Amino acid sequence: MSRLLEPQPVAAAASDPARIGRLSSRLRDTARLADPSENPVVVDIPMEYDARSERRMLWIDGVGGYLVCLANDVTVGRAAPASDTRGPDIGLQADLASRHATISRTEGRYVLKAHGPTTRNDKPVEESAVLEPGDVIQLGDATRLRFERPHALSATARLVIVSGHRTAPMADGVLLMGESCVLGPQPHSHVRCPKWSQEVLLFKGKAQLQCRSGSPVSITRPGEPSEDTTGPAAIPPGARIEAEDLCLSVEEV
């Protein structure tokens with residue numbers, strides 16, 4: 001296996017300052033790794049746009065579906081029809097305000113801002129509160145989410161819906177994606193895929209998501225032939241990534 005994504009136990013990395021520097025640099029710089037000549041088209045985002053367009057559904061065979069939110073500010077609230085651009089980024093089939101709370105990522109920290117009745121670890125949030133790994137957020141009377149930061153060197157966070165409420169579109173979990181996120185068999189993966197033999201790293205390119213891996217994967221994009229690569233490689237909506245023991249696809253929400 002290439003050392004590009006060689007599993008790095010968090011506990012071991014925490015005790016080795018040199019390794020922390022290497023891993024931190026790797027995660028921080030992934031968005032700059034793509035060759036611009038391979039991706040010449042840059043999409044200009046207008047000043048006013050539907051923030052929900054900054055979402056993807058990640059379907060992983062044998063694991064589940066994950067809603068990936070790419071924006072730094074993400075609203076959570078009662079699910080709205082797909083045609084309603086005023087709906088929340090994370091829509092829940094629950095008795096909530098349409099935009100009940102906002103979770104904002106700033107300089108690697110996450111801040112919960114309450115717009116409706118909200119608690120963090122059973123304590124009321126009057127205006128805002130900084131989230132820590134393991135915090136339980138309650139929205140309204142019964143909707144509960146657990147906030148997790150699986151990888152010590154990544155700003156990406158995960159929301160687990162512990163109260164059993166469904167999202168719309170339906171997903172097994174939610175990723176609040178920073179610069180990059182890790183899919184793989186290790187405990188610190190943002191989505192753990194226990195049967196995989198390698199890790200796949202997703203990261204933000206200039207116009208769309210990109211991926212890289214420790215061993216070659218086959219990427220099929222809409223209307224294009226398959227490409228075998230370790231990346232960096234663009235994965236637009238509709239793309240499928242496959243290898244001997246893994247298969248996932250990306251869809252626009």
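Residues numbered from 1 in each chain as written. Predicted model: local features only at pLDDT ≥ 70, side-chain atom pairs only at ≥ 80, totals over all residues. Heavy atoms only, no water.

Sorry if this is basic, but what is going on with the confidence of the model for the protein here?
Caution applies to low-pLDDT regions: their predicted coordinates should not be interpreted in detail. Across the protein, the average pLDDT comes to 83, with 79% of residues at 70 or higher. Note that pLDDT drops below 50 for residues 1-52; the model gives that stretch 69 contacts with residues more than four away or on any other chain. (pLDDT = per-residue confidence, 0-100. Contact = heavy atoms within 4.5 Å.)

Quick question: what am I supposed to make of empty space enclosed by the protein here?
Gaps left between atoms show up when a probe the size of a water molecule is rolled over them. All chains considered together, the criterion is met by two cavities of 30 Å³ or more. Along its surface, the second largest cavity is lined by Arg56, Leu58, Val68, Met177, Leu202, Leu209 and Val250. Here the residues of the lining of the second largest cavity are counted per class, giving six nonpolar, no polar and one charged. (1 Å grid on protein atoms, 1.4 Å probe; cavity = no way out; pocket = protein on both sides within 12 Å on 5 of 7 lines; lining within 4 Å. Points joined across faces, edges and corners; volume = space filled by probe spheres on them. Nonpolar A, V, L, I, M, F, W, Y, C, P; charged D, E, K, R; others polar.)

Sorry if this is basic, but what is going on with the sheet that holds strand β5 (residues 101-106) here?
The pairing of strands in a sheet comes from backbone hydrogen bonds and takes either a parallel or an antiparallel form. Taken in spatial order, the six strands make up an open sheet running β9-β6-β5-β3-β4-β13, and their pairing is mixed. The open sheet has two free edges, formed respectively by β9 (128-130) and β13 (167-168), since each of these has just one partner strand. The sheet contact formed by strand β4 (residues 90-92) and β13 spans two bridges and is antiparallel. Following the sheet pairing, Leu92 is matched in β13 by Thr167. (Pairing = 2+ DSSP bridges. Helix = DSSP H or I, 4+ residues; strand = E, 2+ residues; numbered from the N terminus.)

Looking at this structure, I do not really get the pairing of strand β22 (residues 240-243). What am I missing?
Residues in a regular strand project their side chains so that they alternate between the two faces of the sheet. Where strand β19 (residues 217-220) lies against β22, three bridges are found, and the strand directions are antiparallel. Across the sheet, residue Ile219 finds its bridge partner in β22, namely Ile241. Pairing analysis gives four bridges linking β22 to strand β23 (residues 246-252), with the strands arranged antiparallel. Among the inter-strand pairings, Glu242 is bridged to a residue of β23, identified as Cys247. Connecting β22 to the next strand, β23, in antiparallel fashion are two residues.

Looking at this structure, I do not really get the sheet that holds strand β15 (residues 180-184). What am I missing?
Taken together, the five strands give an open sheet; going across it, the order is β16-β15-β17-β18-β21, and neighbouring strands pair in mixed fashion. At either end of the open sheet lies a strand with only one pairing partner, and these are β16 (191-192) and β21 (233-234). When strand β17 (residues 200-204) meets strand β18 (residues 209-213), the two strands line up antiparallel, connected through five bridges. The residue bridging Leu202 from the neighbouring strand is Cys211, located in β18.

What should I look at first to understand the nonpolar core in this one?
Buried together is how nonpolar side chains tend to be arranged in soluble globular proteins. Judged by nonpolar contacts, the single largest core of 27 residues is most densely connected at Ile90, Leu92, Ile103, Leu139 and Leu176. Dropping the residues within four chain positions of it, Leu139 is found in contact with Val76, Leu92, Leu96, His100, Ala101, Pro117, Thr118 and Leu145. Among the nonpolar cores identified, the runner-up in size contains 25 residues, and Val68, Cys181, Ile219 and Leu246 belong to it. (Core = buried A, V, L, I, M, F, W, Y, C linked by side-chain atoms within 4.5 Å. Buried < 20%, exposed > 50% of the residue type's maximum accessible area, 1.4 Å probe, protein only.)

Is there a simple way to think about the pattern of salt bridges in this case?
Opposite charge on two side chains lets them pair, provided their charged atoms get close. The full count for this structure, using the stated rule, is eight salt bridges. Note that Arg144 is salt-bridged to Asp122, the shortest N-O span being 3.5 Å. Separated by 22 residues along the polypeptide, Arg144 in strand β11 (residues 143-148) and Asp122 in the loop between β7 (118-120) and β8 (123-124) bring together distant segments of the chain. On the accessibility criterion, Arg144 (26% relative accessible area) is partly exposed. Of the charged contacts in the structure, one is a salt bridge between Glu148 and Arg146, with a shortest N-O distance of 2.8 Å. Taking relative accessible area as the criterion, Arg146 reaches 29% and is therefore assigned partly exposed. (Salt bridge = Lys/Arg side-chain N within 4 Å of Asp/Glu carboxyl O.)

Would you take a moment to explain the side chain of Ser154 for this structure?
Its place among the elements puts Ser154 in the loop between β11 and β12 (157-161). You can call Ser154 buried: its relative accessible area is 5%. Polar contacts involving the side chain of Ser154 include one to the main-chain amide nitrogen of Thr156, which spans 3.2 Å. (Polar contact = N/O pair within 3.5 Å; in protein donor to acceptor, adjacent residues only side chain to side chain.)

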